[in-house]
Amino acid sequence: MLRRLYDWTIRMADHPRALWVLGGVSFVESSVFPIPPDVLMIPMILARPSRAWLVALVALVTSVLGGLLGYAIGALAYESIGQPILESLGKADSMAEFNTRFNDFGFWAVLIAGMTPFPYKVITIMSGWTGMPLATFIATSILARGLRFFIVAGLLWKFGTPVRDFIERRLGLVTIVFIALLFGGFYVVRHL
């Protein structure tokens, strides 16, 4: 089953609308969706390495735009939308204490969350809720997401064939590592 899903993802990665789907996933991941855009981005680059930079650019732009939606949720609709999202991630109890410290480290929080498996949506909502300066949020989001997506794109562009061969030979291991990183990010959010 895993092999069929992987093969289907590789085929879909070369679909004419794949960039639109990536943009949609990247946008909603930055504010409400739990699955990172890497799930689509990596197969898209492996399927067509010549489009690596375009794929990274689409992920970057739509992720930052989605981050602005997360910021707006935090700033304008925290109690009705933002708080339930953060409660589902187990962070509601520590919000008041976190609010007082967040902006002191806001640049670093956005930078780290934007580059790691840490759920970026938590930081986008928190940035709006705590009133982080919008210019700082945007600049840091562009830097963090740009580094993350363009480093992945560059590595896959340069080493795509060996990476694809590795993934195809060890698909089960790669899937387990990816899921562990995803759940690890959620675990870190719950226990910070």
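You'll find the structure just up there.
Every value quoted in this text rests on a predicted model; they were computed, and no experiment measured them. (Residues numbered from 1 in each chain as written. Predicted model: local features only at pLDDT ≥ 70, side-chain atom pairs only at ≥ 80, totals over all residues. Heavy atoms only, no water.)

Draft legend 1. Seen up close, the overall build of the chain. Broken down by element type, the chain carries ten helices and zero strands. Helices (α) and strands (β) of the chain occur, in sequence order from the N terminus, as α-α-α-α-α-α-α-α-α-α. Here the chain holds 192 residues, and the buried ones make up 43% of them. Sequence separation of 24 or more characterises 81% of the internal contacts of the chain that already satisfy a separation of 6 or more. About 10200 Å² of surface is accessible on the chain, with carbon and sulfur atoms providing 71% of the total. (Helix = DSSP H or I, 4+ residues; strand = E, 2+ residues; numbered from the N terminus. Buried < 20%, exposed > 50% of the residue type's maximum accessible area, 1.4 Å probe, protein only. Contact = heavy atoms within 4.5 Å. Areas by Shrake-Rupley, 256 points an atom, 1.4 Å probe, with all protein chains shown as cover.)

Draft legend 2. Spotlight on the pattern of salt bridges. Counted by the stated rule, this structure contains two salt bridges. For K121, the salt bridge goes to E29, with nearest N and O atoms at 3.9 Å. Here the residue K121 occupies a position in helix α8 (residues 120–130), and E29 occupies one in helix α2 (residues 18–29), the gap between them amounting to 92 residues. Judged by its relative accessible area of 3%, K121 falls in the buried class. Between E29 and R145 there is a salt bridge, with the nearest N and O atoms lying 2.7 Å from each other. A residue pair is termed long-range when its members are at least 10 positions apart, and E29 in helix α2 and R145 in helix α9 (residues 134–169) qualify at 116 residues. Residues participating in the shared-partner salt-bridge network are E29, K121 and R145. (Salt bridge = Lys/Arg side-chain N within 4 Å of Asp/Glu carboxyl O.)

Draft legend 3. Broad picture of the environment of T62. Examined against the element boundaries, T62 turns out to sit in helix α4 (residues 52–76). Once residues lying within four places of it in the same chain are set aside, the contact partners of T62 are L22, G23, S26 and F27. At a separation of 3.5 Å, a polar atom in the side chain of T62 contacts the main-chain carbonyl oxygen of A59. (Polar contact = N/O pair within 3.5 Å; in protein donor to acceptor, adjacent residues only side chain to side chain.)

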